[in-house]
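# Fold and contact review
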Amino acid sequence: MNMKVNLAGVEFKNPVMEASGTFGSGAEYGEFVDLNKLGAVVTKGVANVPWPGNPTPRIAETASGMLNAIGLQNPGIDLFTKRDIPFLKQYDTKIIVNVCGKSTEDYLEVVERLGDEPVDMLEINISCPNVKEGGIAFGQDPKAVEAITKAVKKVAKQPVIMKLSPNVTDITEMARAAEAGGADVLSLINTLTGMKIDIYKQDFALANKTGGLSGPAIKPIAVRMVYQVANAVKIPIIGMGGIRSGEDAIEFMLAGASAVAVGTANFNNPYATMDVIAGMEAYMKRMGVTDINELIGKVK
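Here goes a summary of the coordinates provided. Given the structure is predicted, the values throughout are model-derived calculations rather than measurements.

## Description of the overall build of the chain
Across its full length, the chain holds 8 helices and 16 strands. What you see for the chain is a C-alpha radius of gyration of 18 Å, in line with the 19 Å of a compact globule of 300 residues. The proportion of buried residues among the 300 residues of the chain is 54%. Within the chain, residue pairs in contact and separated by at least 24 positions form 70% of the contacts whose partners lie at least 6 positions apart. For the chain, the computed accessible surface area is about 13000 Å², with 50% contributed by carbon and sulfur atoms. Each charge sign in the chain was given a centre, from 30 positive and 33 negative side chains, and these centres are 2 Å apart.

Below you can see the structure in the form of structure tokens.
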């Protein structure tokens, strides 16, 4: 069986990676998961300077999912290049670095710094609030999506994945804007904005009031958005949102994803990525599929 997929000229041994922010930068899961078996490791978001993140509490469980308001806490690009990239280079897996920022200049500084580092792709998190535009996320305005994509592509030495926010009226409009800006690949969906109130404390469950909803609860929305985007653009898609099993992953690929990312499932099952790979292989055997690429976008 062929499990290899190709995204923008980068070949992956299989289409399974984990979603940014759910796996640290790989070391945190190294004792549970053989990182050599993953198609890629996607790092936690990296900014030009260290970010402390939001005040606690910043995680809350919900029915079939969780809310998080971590606030993209990260060590900054200096420590990341010194510590995390050398760790990941020990493994036979592709390295995708997730990049975050509060202004276009922030993103470009990190992208330029990564230009000479041995990483395979960059995933640009455009769900970050644009401080210069009054806090609206880069990913919620198609003009901003196209502009930030163009700016990143101008300086990037690696292929660029634009990670789309689902908190928009029309996901295809944002996807087309990223494609027009020169994106090589799209990843979707990021978390959906939600809220939880503790009725006994009569207060917000998260210090931030709102957080990003992830987990199985969002999977049907994610599959729908991947399907819509796959039929609106010509570039490959990494699908994510509530994937826990090989069957979940196959559903995303049939909808049009060329690869998949496992997120929240890692928190309650550290072996989730391995289970997904094994489940996809079992499905292929059962269905007589010899090449995983045959399944991409098969459902029209």
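## Let's talk about the pattern of salt bridges
Summed over all chains, the structure comprises 9 salt bridges. Taking the shortest distance from any N to any O, the salt bridge between K132 and E105 comes out at 3.0 Å. One end of the pair, K132, is in the loop between β8 (121–125) and α3 (142–155); the other, E105, is in helix α2 (residues 104–114), with 27 residues separating them in the sequence. The class of K132 is exposed, set by a relative accessible area of 59%. The exposure class assigned to E105 is partly exposed, which follows from its relative accessible area of 46%. Between K157 and D116 there is a salt bridge; the shortest N-O distance is 2.9 Å.

## Examining the nonpolar core
Judged by nonpolar contacts, the single largest core of 96 residues is most densely connected at I124, L186 and L188. Of the residues forming this core, the biggest block, 7 residues, is contributed by helix α8 (residues 272–287).

## Remarks on the sheet that holds strand β6 (residues 65–68)
Strand order in this open sheet of 4 strands is β5-β6-β14-β11, and the pairing throughout is antiparallel. Two strands in the sheet have a free side with no partner beyond their single neighbour: β5 (59–62) and β11 (192–195). Sheet twist, expressed as the average angle between the axes of neighbouring strands with direction ignored, equals 40°. As defined by bridge partners, β11 adjoins strand β14 (residues 210–214) across 4 bridges and the pair is classed as antiparallel. Counted as the bridge partner of M195 is T210 from β14.

## Let's talk about the packing of aromatic side chains
Tallied over the full model, the rule gives 5 aromatic pairs. Between the aromatic rings of Y107 and F138, the centroid separation amounts to 5.2 Å while the plane-to-plane angle is 90°, which identifies the pairing as edge-to-face. Residue Y107 is located in helix α2, and its partner F138 is located in the loop between β8 and α3; the two are separated by 31 residues in the primary sequence. For F138, a relative accessible area of 2% translates into the label buried. Here the aromatic cluster, defined as three or more aromatic residues joined through ring pairs, consists of F23, Y29, F32 and Y271.

## Considerations on the state of the cysteines
Under the definition given, this model contains 0 disulfides. The closest cysteine sulfur to the non-disulfide-bonded C100 is located on C128, 5.0 Å from its own sulfur. Classification of C100 by relative accessible area gives buried; the value is 0%. Accessibility expressed as a relative area gives 1% for C128, which makes it buried.

## Some remarks on a nonpolar patch on the surface
The grouping of M195, I197, I199, Y200 and F204 at the surface amounts to a nonpolar patch, some 590 Å² of accessible area in total. Along the chain, the position of I199 falls in the loop between β12 (197–198) and β13 (203–204).

## Quick notes on the side chain of N74
Here N74 lies in the loop between β6 and α1 (77–88). Within the structure, the side chain of N74 is placed 2.9 Å from the backbone nitrogen of G76, a separation counted as a polar contact. With residues near it in sequence (within four places) discarded, N74 still touches G45, V46, A47, V49, P50, W51 and C100.

## Considering the pairing of strand β7 (residues 94–99)
With 5 of its 6 residues buried, β7 lies for the most part within the structure. One ladder, built from 3 bridges, connects strand β4 (residues 40–42) with β7; its direction is parallel. In the sheet register, V41 faces β7, and the bridge partner there is I95. Relative to β8, β7 runs parallel, the two being bridged by 4 bridges. Considered in β8, the bridge of V97 is made with L122.

## Some details on helix α5 (residues 219–230)
Between its terminal C-alpha atoms α5 stretches 16 Å, which fits the 16 Å expected from 12 residues at 1.5 Å a residue. Taken together, the buried positions of α5 are K219, A222, V223, M225, V226 and V229. Seen end-on, α5 carries its buried residues on one side only, within an arc spanning 165°. Packing partners of the buried residues in α5 comprise α4 (171–180), β10 (185–188), β15 (237–240) and α6 (246–255).

Parameters at a glance
Residues numbered from 1 in each chain as written. Predicted model: local features only at pLDDT ≥ 70, side-chain atom pairs only at ≥ 80, totals over all residues. Heavy atoms only, no water. Helix = DSSP H or I, 4+ residues; strand = E, 2+ residues; numbered from the N terminus. Rg over C-alpha atoms; globule rule 2.2 N^0.38 Å. Buried < 20%, exposed > 50% of the residue type's maximum accessible area, 1.4 Å probe, protein only. Contact = heavy atoms within 4.5 Å. Areas by Shrake-Rupley, 256 points an atom, 1.4 Å probe, with all protein chains shown as cover. Lys, Arg positive; Asp, Glu negative; His and termini not counted. Charge placed at Lys NZ, Arg CZ, Asp CG, Glu CD. Salt bridge = Lys/Arg side-chain N within 4 Å of Asp/Glu carboxyl O. Core = buried A, V, L, I, M, F, W, Y, C linked by side-chain atoms within 4.5 Å. Pairing = 2+ DSSP bridges. Axes fitted to C-alpha atoms, helices over the stretch in contact; angles between N-to-C directions. Phe/Tyr/Trp six-rings, centres within 6.5 Å; stacked < 30°, edge-to-face > 60°. Disulfide = S-S within 2.5 Å. Patch = residues over 30% accessible without salt bridge, like charges linked within 9 Å, V, L, I, M, F, W, Y side chains within 5 Å. Polar contact = N/O pair within 3.5 Å; in protein donor to acceptor, adjacent residues only side chain to side chain. Expected span 1.5 Å × (residues − 1). Arc of directions from axis to C-beta.

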